[in-house]
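Structural overview for review
Residues per chain are reported as follows:
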Amino acid sequence: MSTLLTLTPSRRPDGVHQLTAVGEIDMSNTDALARAIETTQGPLVLDLTAVEYLDSAGLSVLFRHIDRLRLIATPLLAPVLEISGLSELTTVRGPGDA
C-alpha cells in the first residue's frame, strides 16, 4: 500500500521551478518523487514544509539529486536533514526564509 504523497510543480517568482510535497515520503512513493524531480529541468526548490515523515528511502532520492536542489523544511525535518548530511550539501531554509 502506497503512502499518500502529493507533488505539485510550480514556478517561483524568480522563474526557478518548485516542487511542493504534501504527506509522507517513504519507500512506497519514492519512485513518484524521483520522477517528479527528474522531469523538472534546471535548479529546483523542493518545498517539504507539508511533509510529516521522511524515511531513508526518501533521503536517498534527495541525495541522488542534491546537486540541483534547494530545500524548504520545517523544524520537524531540519534535524533529519542535518544528521543525514544533506544540509551540508545544499541550502535548507525554513518556511519563512524561502
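Just so it is clear, the structure is predicted and the values come from calculations on it, not from any experiment.

**A closer look at the side chain of R12**
Structurally, R12 can be placed in the loop between strand 1 (5–11) and strand 2 (17–25). Within the buried core, R12 has no salt-bridge partner, and the shortest N-O distance to an opposite charge, that of D14, equals 4.0 Å. A distance of 2.8 Å separates the side chain of R12 from the side chain of Q18, its partner in a polar contact.

**Overview of the pairing of strand 3 (residues 44–54)**
Where strand 2 lies against strand 3, 8 bridges are found, and the strand directions are parallel. Within the sheet, the bridge partner assigned to I25 lies in strand 3 and is L54. Each parallel crossover has a hand, and for strand 2 linked through helix 1 (residues 30–38) to strand 3 it is right-handed. Here 4 bridges tie strand 3 to strand 4 (residues 69–72), and the two strands are oriented parallel to one another. Across the sheet, residue L44 finds its bridge partner in strand 4, namely L69.

Conventions used here
Each residue is numbered by its place in its chain's sequence as written, counting from 1. Per-residue local features of the predicted model are confined to residues with pLDDT of at least 70, and side-chain atom pairs are confined, for both listing and counting, to 80 or more; whole-chain, interface and lining totals are unaffected and use all residues. Note that water and hydrogens are dropped before the side-chain values are worked out from all heavy atoms of the structure. Helix numbering and strand numbering both begin at the N terminus, where a helix is a DSSP run of H or I of at least 4 residues and a strand a DSSP run of E of at least 2. Type-normalised accessible area, obtained with a 1.4 Å probe on protein chains alone, sets the label of each residue: buried when under 20%, exposed when over 50%, and partly exposed for intermediate values. This count recognises Lys and Arg as positive and Asp and Glu as negative, with His and chain-terminal groups excluded. Basic side-chain nitrogens of Lys or Arg form a salt bridge, by our definition, when they fall within 4 Å of a carboxyl oxygen of Asp or Glu. Any pair of N or O atoms that falls within 3.5 Å is considered a polar contact. Within protein, one atom must be able to donate a hydrogen and the other to accept it, and sequence-neighbouring residues count only if both atoms are side-chain atoms. Each pair of strands is called paired provided DSSP finds at least two bridges between the two strands. When the strands point away from the viewer, a crossover counts as right-handed if the path from the first strand over the helix to the second runs clockwise.

Shape descriptors only; they carry no functional weight alone.
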